[in-house]
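Listed here are the chains, written in short residue letters.
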Amino acid sequence: MEIELLPPSADVAVVTRIAELVNQVYAESEKGLWRGTTGRTSADEVAGFVRAGEIAVARVAGDLAGSVRIQRLDEKTGEFGMLAADPARRGAGIGRELVRFAERTSRDAGCREMQLELLVPREWTHPSKQFLAEWYERLGYRVTHRADLAEDYPHLAPSLATPCDFLVYRKALG
Ligand SMILES: CC(C)(COP(=O)(O)OP(=O)(O)OC[C@H]1O[C@@H](n2cnc3c(N)ncnc32)[C@H](O)[C@@H]1OP(=O)(O)O)[C@@H](O)C(=O)NCCC(=O)NCCS
């Protein structure tokens, strides 16, 4: 497996494929949380992230196998999001290596903490979110903030199909 930050000039076909992969996996992992069928992202949005140098991809034998967005929140904090692994290759370590890459990239840039956000339904347990919460704990992340999504992001409230909490996880980058 190879992981690299995409150059800002990345091919439009790669950008489109990343947007498709993210929308495909989020359709399952956020099933029941949103009204309608709006995707998590679009090729235009991903293109903007690529131009900003924020998208890393994992490739296996040259094929796109996963992706992640890596941002810098402030001088000491990095964040990763939009993590996605090809469902046909689950459990092969692609997700774990993408998280490691995001942490290493942020540490090398001088960050001392890593952050991620997780959306969870408040009144029921979503299997994908439960898996993620346990996995992020195993990777050393701890919840530092819990809030009502509708309060923190009022413009998203009408799109929610169920009340959701918004968890912020953090981890010190040793
Ligand atoms: C989260 C995601 C990227 C993980 O991808 P992956 O390539 O399967 O991840 P890994 O192979 O590194 O496995 C991650 C962990 O899950 C475990 N795991 C993988 N497949 C499993 C399975 N079928 N049953 C139980 N555990 C499993 C692994 O043992 C590993 O745990 P460990 O790191 O403690 O050993 C992937 O599930 C995904 O795309 N999910 C949908 C999108 C999403 O929810 N993104 C995050 C939003 S915050």
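Quick caveat, the model's predicted, so the values are computed rather than measured.

## Notes on helix H4 (residues 127-138)
Each α-helix turn comprises 3.6 residues. Residues three or four places apart therefore point the same way. End to end, H4 covers 17 Å across 12 residues, agreeing with the expected 16 Å (1.5 Å per residue, within 8%). Buried residues belonging to H4 abut helix H1 (12-29), strand E4 (77-85), helix H3 (94-108), strand E5 (113-121) and strand E7 (164-172).

## Considerations on the pattern of salt bridges
For the structure shown, the criterion picks out 14 salt bridges. Arginine 170 is the salt-bridge partner of glutamate 113, the closest N and O atoms lying 2.6 Å from each other. Taken together, the residues glutamate 113 in strand E5 and arginine 170 in strand E7 connect sequence positions 57 residues apart. Taking relative accessible area as the criterion, glutamate 113 reaches 22% and is therefore assigned partly exposed. Salt bridges here are not isolated pairs; linked through shared partners, they connect Arg122, Arg146, Asp148 and Asp165.

## Focus: the site of the ligand
Every one of the 20 residues lining the ligand counts as a neighbour, but Leu83, Gly93, Gly95, Arg96 and Arg138 are closest to it. Within the backbone of alanine 85, a nitrogen or oxygen atom sits 2.9 Å from an oxygen atom of the ligand. Within the side chain of arginine 138, a nitrogen or oxygen atom sits 2.7 Å from an oxygen atom of the ligand. Notes on the ligand: free accessible area 950 Å², of which the protein chains cover 72%.

## Regarding the UniProt feature "domain: N-acetyltransferase" (unreviewed entry) in the protein
The UniProt record marks residues 1-165 with the feature "domain: N-acetyltransferase" (unreviewed entry), using the residue numbering of this structure. Each end of residues 1-165 is marked by a C-alpha atom, and these two atoms are 34 Å apart; helix forms 35% of the span and strand 30%.

## Some details on the side chain of lysine 171
Tracing the backbone shows lysine 171 in strand E7. A polar side-chain atom of lysine 171 sits 3.1 Å from a polar atom in the side chain of glutamate 103. In this structure lysine 171 touches Glu103, Arg112, Glu113, Met114, Leu139, Gly140 and Tyr141, once residues within four positions along its chain are discounted.

## A few points about the sheet that holds E7
Across the sheet, which stays open at both edges, the seven strands sit in the order E1-E2-E3-E4-E5-E7-E6 with mixed pairing between neighbours. Because the sheet does not close on itself, it has two edges, and the strands there are strand E1 (2-5) and strand E6 (142-148). Across the sheet, the axes of successive neighbouring strands diverge by a mean angle of 25°, strand direction being ignored. In this structure, strand E2 (residues 55-60) lies alongside strand E3 (residues 63-74), joined through six bridges in antiparallel fashion. Each bridged residue has a counterpart across the sheet, and for valine 60 the counterpart in E3 is aspartate 63. Sitting on the sheet, helix H2 (residues 43-51) is in contact with E2, E3 and E4, with an inclination near 100° to E2. The strands that H4 touches are E4, E5, E6 and E7; relative to E5, the one it contacts most, it runs at about 160°.

## Here we look at the nonpolar core
Judged by nonpolar contacts, the single largest core of 26 residues is most densely connected at Val68, Phe80, Leu83, Leu118, Tyr136, Tyr141 and Tyr169. Counting only elements with at least two residues in this core, the list comes to E2, E3, E4, H3, E5, H4 and E7. In this structure, tyrosine 141 is in contact with Phe80, Val99, Glu103, Met114, Leu116, Tyr136, Tyr169, Arg170 and Lys171, ignoring residues within four places of it in sequence. Listed in part, the 18 residues of the second largest apolar core include Leu6, Val15, Tyr26 and Val50.

Conventions and cut-offs
Residues numbered from 1 in each chain as written. Predicted model: local features only at pLDDT ≥ 70, side-chain atom pairs only at ≥ 80, totals over all residues. Heavy atoms only, no water. Helix = DSSP H or I, 4+ residues; strand = E, 2+ residues; numbered from the N terminus. Expected span 1.5 Å × (residues − 1). Contact = heavy atoms within 4.5 Å. Salt bridge = Lys/Arg side-chain N within 4 Å of Asp/Glu carboxyl O. Buried < 20%, exposed > 50% of the residue type's maximum accessible area, 1.4 Å probe, protein only. Near = heavy atom within 4 Å. Polar contact = N/O pair within 3.5 Å; in protein donor to acceptor, adjacent residues only side chain to side chain. Areas by Shrake-Rupley, 256 points an atom, 1.4 Å probe, with all protein chains shown as cover. UniProt positions renumbered as here; feature names shortened; annotations may be inferred. Pairing = 2+ DSSP bridges. Axes fitted to C-alpha atoms, helices over the stretch in contact; angles between N-to-C directions. Core = buried A, V, L, I, M, F, W, Y, C linked by side-chain atoms within 4.5 Å.

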